[in-house]
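Take a look at the letters that make up each chain.
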Amino acid sequence: MSSVALQTPREAAAPHRVWDGLRRGALVPVLTLTAIILAVWYLACLPMNRDLPQLARVEGLANRYEAAWSLERPVLPAPHQIITELYASTIGTRLLRETADGLVLNPRNLLTHAWVTISATLAGFVIGVTLGIALAVAIVHVNALRRSLMPWIVASQSIPILAIAPIIIVALGSVGIVGLLPKAVISAYLSFFPVTIGMVKGLTSPDAMLLDLMRTYNASGTQTFVKLRWPAAMPLLFASLKVSISISLVGAIVGELPTGAQAGIGARLLSGSYYGQTVQIWSALVMAAILAALLVALITLAEKLTLKAMGARP
Amino acid sequence: MSAIMSSPSERKPTLSLAGSLAAGVAFAILALMLAHRGTSGPIVMTLALAAWACAWFTNVIWSRAQGLPPMLTRLAAVAVPLLFGLTLVFLWEVICVGLKVPTVLLPAPSLILSRLFASLPVLGADFVQTFVRAALPGWLIGSAAGFLVALACDRSDFLRRGLIPIGNFISALPIIGIAPILVMWFGFDWHSKAAMVVVMTFFPMLVNAVAGLAAAGRLERDLMHSYGASWLQTLMKLRLPAAMPFLFNALKINASLALIGAIVAEFFGTPTLGMGFRISTEVGRMSLDMVWATIVIAAIAGSAFFGALVLLEKRVTFWHPSNRG
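It should be emphasised that the depicted structure is a prediction, and the values quoted were computed from it without experimental measurement. (Residues numbered from 1 in each chain as written. Chains lettered and ligands numbered in written order. Predicted model: local features only at pLDDT ≥ 70, side-chain atom pairs only at ≥ 80, totals over all residues. Heavy atoms only, no water.)

Topic: the packing of aromatic side chains
To keep things clear, this is the line we draw: Pairing of aromatic side chains here covers Phe, Tyr and the six-membered ring of Trp, requires ring centres within 6.5 Å, and sorts the geometry by plane angle: under 30 degrees stacked, over 60 edge-to-face, intermediate tilted. In this scheme, a residue with accessible area under 20% of its type's maximum is buried, one over 50% is exposed, and one in between is partly exposed, where area comes from a 1.4 Å probe on protein chains only. Counting from the N terminus, the helices are the DSSP runs of H or I reaching at least four residues and the strands are the DSSP runs of E reaching at least two. Comment: the charge-over-ring label is applied if NZ (Lys) or CZ (Arg) is within 6 Å of the ring centre and within 35 degrees of the ring normal.
A complete count under the given rule lists 11 aromatic pairs over all chains for this structure. Aromatic side chains Phe225(A) and Trp230(A) sit 6.1 Å apart centroid to centroid with 45° between the ring planes, which places their arrangement in the tilted category. With relative accessibility at 16%, the residue Phe225(A) sits in the buried group. A centroid spacing of 5.6 Å and a plane angle of 80° characterise the contact between Phe131(B) and Phe305(B), whose relative ring orientation is edge-to-face. In this pair, Phe131(B) is assigned in helix 5 (residues 120-155) and Phe305(B) in helix 12 (residues 288-316), connecting sequence segments 174 residues apart. Across from the ring centre of Trp231(B), 4.4 Å away, lies the NZ or CZ of Arg155(B), which sits over that ring.

Notes on the domain arrangement of chain A
Often the size quoted for an interface is simply the accessible area lost on bringing the parts together. All names here are of chain A. For clarity, the threshold we go by: Domain start and end points were adopted from an automatic or database domain assignment. Pairs of residues are marked as contacts when any of their non-hydrogen atoms sit within 4.5 Å. As a working definition, buried area equals the accessible area (1.4 Å probe) given up by two parts on being put together, with both sides summed. Put simply, a salt bridge is a Lys or Arg side-chain nitrogen that is within 4 Å of an Asp or Glu carboxyl oxygen. Polar contacts, as used here, are pairs of N or O atoms within 3.5 Å; protein pairs need one atom able to donate a hydrogen and one able to accept it. Residues neighboring in sequence count only if both atoms are side-chain atoms.
What the domain assignment reports for chain A is domain 1 (17-76) and domain 2 (99-309). Look at where the C-alpha atoms of domain 1 and domain 2 centre, and you get two points 35 Å apart. Opposite the 6 residues of domain 1 that make contact, domain 2 presents 6 residues. Of the roughly 420 Å² buried at the junction of domain 1 and domain 2 (both faces included), carbon and sulfur atoms supply 51%. The largest share of the area that domain 1 buries against domain 2 comes from Trp 41, Arg 73 and Pro 74, three residues that together contribute 72% of it. Taken together, the connections running from domain 1 to domain 2 amount to 0 salt bridges. At the boundary of domain 1 with domain 2, the tally comes to 1 residue pair in polar contact (both at pLDDT 80 or more).

A short note on the packing of helix 9 (residues 218-226) of chain B against helix 10 (residues 231-266) of chain B
The angle between the axes and the distance between the axes are what describe a pair of packed helices. All names here are of chain B. Rule in force here: Only the stretch in contact is used when fitting a helix axis, every axis being a line fitted to C-alpha atoms; angles between N-to-C directions are given from 0 to 180 degrees. An angle below 35 degrees is treated as roughly parallel, one above 145 as roughly antiparallel, one from 65 to 115 as roughly perpendicular, and anything else as oblique. Here is the rule for handedness: rotate from the far helix to the near one, and if that takes an anticlockwise turn smaller than a right angle the crossing is left-handed, while a clockwise turn gives right-handed. Residue type decides the class: Asp, Glu, Lys and Arg count as charged, Ala, Val, Leu, Ile, Met, Phe, Trp, Tyr, Cys and Pro as nonpolar, and the leftover types, Gly among them, as polar.
Direction vectors running N to C along helix 9 and helix 10 enclose 150°, while the axes themselves pass 11 Å from each other. As summarised for this structure, helix 9 and helix 10 are arranged roughly antiparallel, according to the angle between their axes. Remark: the crossing between helix 9 and helix 10 carries right-handed chirality. Touching Glu 220, Arg 221 and Met 224 of helix 9 are Gln 233, Thr 234, Lys 237, Leu 238 and Arg 239, all from helix 10. For the contact of helix 9 with helix 10, the residue count by class is 2 nonpolar, 2 polar and 4 charged.

Have a look at this one:
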């Protein structure tokens, strides 16, 4: 009895920690739900595809399912078809191709398109975040700007910004700017809002007592900013960055739609929808999901490292 | 009016406010007239800069609000941003007309407005197709479905632990990409757009509603328990009201998502009307004034939708600290 009492609660729980983690954690429920979704998906393949001519003459339920899972242009492809296509179009295809100009990225490889989209995403993200932070700093420090600009920034969130994507592409294209930059402009336009809103909140989060403390130290405006406001804004900055990077990816993909861009995830979606290549659409979608997850994971990693360096405890 | 004349010390900022506002308006009118008559760029630009400087000065005085009569100070919350917005539109107009910016690059606001009023019937039909038929029902169905699933999550902890990580993950995905698939499944008409909006609005509502249903305090819940209240009674009388700020947050996020979803889904195929269809075809024909007119309609609809939700939220969550001034 006494030996148990001397143990800290953490030590006492140690032998059961793995089991407890499984029971209370999210892993088992998430895996279960994912399995259920996949099962429903496989089952739905037959009803969704039943009107296709390839299935008209197939008899027997097992045979019909087997046929429904391996159609060439299904209404709903089976998950393994998407993974096969994803594999074939990334690892199964040569990434570099020899042309007269030397080695270029092979447009048949999905990774080429992913790279086109992600470079626009990152360029737009960097522009947007820089702009967003600069705006927030200006808004926090200039009173007239806060009164006049802030309501417009908030109101502009209720406007469907993605709808102006085609205009930006066409307008910039008419003055000879094509390729990566117009898409990056759309991404930047989308991604600066969350950063501005988050940073204004973050930079104004130090309360009156902390600001008074800085005043008793006789700190200048710059010092107050560098030593108090900026560090205090970090948690909110990273929360905004996560929203920004995913919305930036959406911006880049939508930016590839209106002019029928030749490359990028959005172009794959559009060409797949024109030619009825459903498996191609789905594999482009899965690629977009992987990109989004990777980008958010990168931000989360940067957040953990920064907050750790600043001495935050988990 | 008597407040303006009240004391000598208060008269000065009011006078300079009125002075700079009047000077700004005068400069602006002069710049606009000269620009539309075709006067050369530098003169118009100088006048425009003067007007802009006056407007900025007015805003600085007004937002500092020291020594101004209380009526003007109260007005500042509306007037300062309004003046700022008007200045932006004015600069846009003068730069476009004065420097003869090509219409393809950026049409002047006056051109956009005249096109807007000239093609109201077309724009009205587009609005009905995209907003009334696709965005609004999709928003309702998606939000309601998200809320119902959140209620199911509330009953089953297993479901909640499984669904919330999946919901958070899906919120980060470029979900708009499934638009071509939905167009393939539900056809070219508004059904596929409404489906797109349903998918886009489902997860924000689910995640917010689950957080909202957990928002009621332990003490209040124990109180309901001691009253012997059933799950439904606790829900209706305590937890749903406590969840309202979260629900409205989701409804507001979904309001802008709904319009975006409906418009972008139309880029993948529509019958010959709808805001997304109008934008993509008119861009192809290089008539950018029509595109901008459509966007003005979309912006007004989006802002009105959002504003209506804000008003409703103030009525419903009158008890919340952010609404008690």
